Amino acid sequence: MSYLRPNIEAMQGYVPGFQPPDIASWIKLNTNENSYPPSPMVVEAILAELGSDGTNLHTYPSASSQLLREEAGRLYGFDPSWIIMANGSDEVLNNLIRACAAEGEEIGYVHPSYSYYATLAEIQGARVRTFGLTDDFRIACFPERYEGKLFFLTTPNAPLGPAFPVEYIEELARRCAGMLVLDETYADFAGSTALELVRKYDNVVVTRSLSKSYALAGMRLGLAIARPETIAALDKIRDHYNLDRLAQAACVAALKDQAYLNQCCLKIRETREWFSAELRALGYNVIPSQGNYVFAAPADKNGKRVYEGLFKRKILVRYFSDPLLCHGLRISIGTQSEMEKTLAAIKDIG
Ligand SMILES: *Cc1c(COP(=O)(O)O)cnc(C)c1O
């Protein structure tokens, strides 16, 4: 006899990208982490919060993360009541499903995109409907009126790279009867954002992460921007102390240092364009990317062969066995020097 809900027993659970124990001896390009360090102001802020004897740590952090909401509000041009902070954007994606879709109700998303949406739906017991992409990078067969309770749109798309045009996303917002969640994890690397739609449509939510562009994957920081009614609902669901003191201090400092963010994203974009052109010259098909990664396929469409060749040379990239993705690889864009070594290894593999 089992004490567990059948959907929990049956589910596999999310499998994160491999984190090798001897991480320093690898060039790690498999989870879209930032190869550059975070802003020096972040380190300073964490040390200041810790204090010389750690006395700050014996009291709870701000439950509402109020200073962070104010800082993010200033940055994005919204009142703090439109913003919620999260322990990684994964947390707020989870709470959005919990807030919008009851057991047995439908949520939708594009495949391929972020596979964690499927896991979250399984936990909730929500039904899932996936949509493919057309050759011109639109959602295939999206209904005139989509009746699902929530639709996740990853833009820029991961693992493929392109962002959807804002006019197109606006059309989707009108066609969704439920919530449209724009997962803009990679927007800082892109030329555009659909943030303005949050003001225009009461069913649009934008999520952001500090893991990639701000190089803070290890701190677990994300946020969502939505109508105050939606934010209030999400506030009821989250763990009341969801962000610890060090994460809160790090977040304020990171958001304040926009000069550092912009400089870091610029370097990554330049390396991405250089690396994409070099791969194309080797006969690879590289999808134009707006993120800090590229999806690239060798001429023989054997992604696994190149993955294994790189693995032997201690370069870790992401291979997906999914039939829609197994012809290529998702390669995170690291430093220029890491990508030069990766290119040399790819030439060597042939
Ligand atoms: C990395 C990633 C996330 C998770 O971000 P965290 O803030 O680290 O939880 C969410 N969505 C997509 C598409 C991602 O690639």
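All values reported here derive from a predicted model rather than from experimental measurement. (Residues numbered from 1 in each chain as written. Predicted model: local features only at pLDDT ≥ 70, side-chain atom pairs only at ≥ 80, totals over all residues. Heavy atoms only, no water.)

Caption draft 1: Structural detail: helix α8 (residues 228-237). Inspection of α8 places Thr230, Ile231 and Leu234 among the buried residues, and these make up the whole buried set. End-on, the buried residues of α8 take up no more than an arc of 100°, which puts them together on one face. Across α8 from its buried face, at more than 90 degrees, point the exposed residues Glu229 and Lys236. Along its buried surface, α8 packs onto α3 (66-76), β2 (83-86), α4 (89-100), β6 (179-183), β7 (204-209) and β8 (222-225). (Buried < 20%, exposed > 50% of the residue type's maximum accessible area, 1.4 Å probe, protein only. Helix = DSSP H or I, 4+ residues; strand = E, 2+ residues; numbered from the N terminus. Arc of directions from axis to C-beta. Contact = heavy atoms within 4.5 Å.)

Caption draft 2: Looking closely at unusual backbone geometry. Here His111 and Pro112 are connected by a cis peptide whose omega angle stands at 5°. Topologically, Pro112 is positioned in the loop between β3 (106-110) and α5 (116-124). Cis peptide bonds are those with omega within 30 degrees of zero, and the linkage from Ala158 to Pro159 qualifies with 10°. Considering the arrangement of structural elements, one finds Pro159 in the loop between β5 (150-154) and α6 (166-175). The phi angle at Ala215 is positive, at roughly 60°, despite the residue not being glycine.

Caption draft 3: Representation of the domain arrangement of the protein. Here the domain parsing of the protein yields domain 1 (6-30 + 259-349) and domain 2 (40-256). For the pairing of domain 1 and domain 2, the buried interface totals around 2,100 Å² over both sides, and the portion due to carbon and sulfur atoms is 65%. Together, Tyr14, Gln290 and Tyr293 form the three largest contributors to the area buried by domain 1 at its contact with domain 2, with a combined 30%. Counting across the interface, domain 1 meets domain 2 through 0 salt bridges. Counting across the domain 1 and domain 2 interface gives 7 residue pairs in polar contact (both at pLDDT 80 or more). Elements represented by at least two residues in the side of domain 1 that touches domain 2 include exactly α1 (6-10), α10 (258-281) and β10 (293-297). Class assignment of the residues belonging to the side of domain 1 that touches domain 2 gives a composition of 14 nonpolar, 6 polar and 4 charged. (Domains from an automatic or database assignment. Buried area = accessible area lost by both parts, 1.4 Å probe. Salt bridge = Lys/Arg side-chain N within 4 Å of Asp/Glu carboxyl O. Polar contact = N/O pair within 3.5 Å; in protein donor to acceptor, adjacent residues only side chain to side chain. Nonpolar A, V, L, I, M, F, W, Y, C, P; charged D, E, K, R; others polar.)

Caption draft 4: View of the site of the ligand. The local shell around the ligand holds 13 residues, among which Asp183, Tyr186, Ser209, Ser211 and Lys212 are the closest. Taking Thr185, its side chain carries an N or O atom lying 3.2 Å from a nitrogen atom of the ligand. Between the ligand and the protein, one listed contact pairs an oxygen atom with a side-chain N or O atom of Ser211 at 2.6 Å. Across the shell around the ligand, the residue classes tally to 3 nonpolar, 6 polar and 4 charged. (Near = heavy atom within 4 Å.)

Caption draft 5: Broad picture of the sheet that holds β7. In space, the 7 strands of this open sheet follow the order β2-β8-β7-β6-β5-β3-β4, with mixed pairing throughout. Each of the sheet's edge strands pairs with one partner strand only, and the pair in question is β2 and β4 (127-131). Across the sheet, the axes of successive neighbouring strands diverge by a mean angle of 20°, strand direction being ignored. As judged from the 5 bridges shared by β5 and β6, these two strands associate in the parallel manner. Within β6, the position partnered with Leu153 by the bridge is Leu182. Lying on the sheet, α3 is in contact with β2, β7 and β8; it crosses β2 at an angle near 120°. (Pairing = 2+ DSSP bridges. Axes fitted to C-alpha atoms, helices over the stretch in contact; angles between N-to-C directions.)

Caption draft 6: Fine view of the packing of aromatic side chains. Under the counting rule described, the total for this entry stands at 21 aromatic pairs. Aromatic side chains Tyr114 and Tyr117 sit 5.4 Å apart centroid to centroid with 90° between the ring planes, which places their arrangement in the edge-to-face category. Arranged with centres 5.7 Å apart and planes meeting at 85°, the rings of Phe131 and Tyr146 form a pair that is edge-to-face. Taken together, the positions of Phe131 in strand β4 and Tyr146 in the loop between β4 and β5 put the pair 15 residues apart, joining distant regions of the chain. The same class applies to Phe131 and to Tyr146, which are both buried. These aromatic residues form a ring-pair network of at least three members: Tyr14, Tyr109, Tyr114, Tyr116, Tyr117 and Phe152. (Phe/Tyr/Trp six-rings, centres within 6.5 Å; stacked < 30°, edge-to-face > 60°.)

Caption draft 7: Looking closely at the sheet that holds strand β9 (residues 285-286). Across the sheet, 3 strands lie side by side as β9-β10-β12; this open sheet has antiparallel pairing. In this open sheet, the two strands that pair with only one neighbour each are β9 and β12 (329-332). Here β10 pairs with β12 via 4 bridges, running antiparallel. Across the sheet, residue Phe295 finds its bridge partner in β12, namely Arg330.

Caption draft 8: Layout of helix α2 (residues 40-50). Residues of α2 that are buried include every one of Val42, Ala45, Ile46 and Glu49, and no others. Buried residues in α2, looked at end-on, bunch into an arc of 100°, giving them a common side. Exposed and facing more than 90 degrees away from the buried side of α2 are Pro40, Glu44, Leu47 and Ala48. Looking at the buried residues of α2, the elements they touch are α9 (245-256). Between the side-chain oxygen of the N-cap and the backbone nitrogen of Met41 there are 3.0 Å, and the N-cap of α2 in question is Ser39. The first or second residue beyond α2 is Gly51, which carries a positive phi of 70°.

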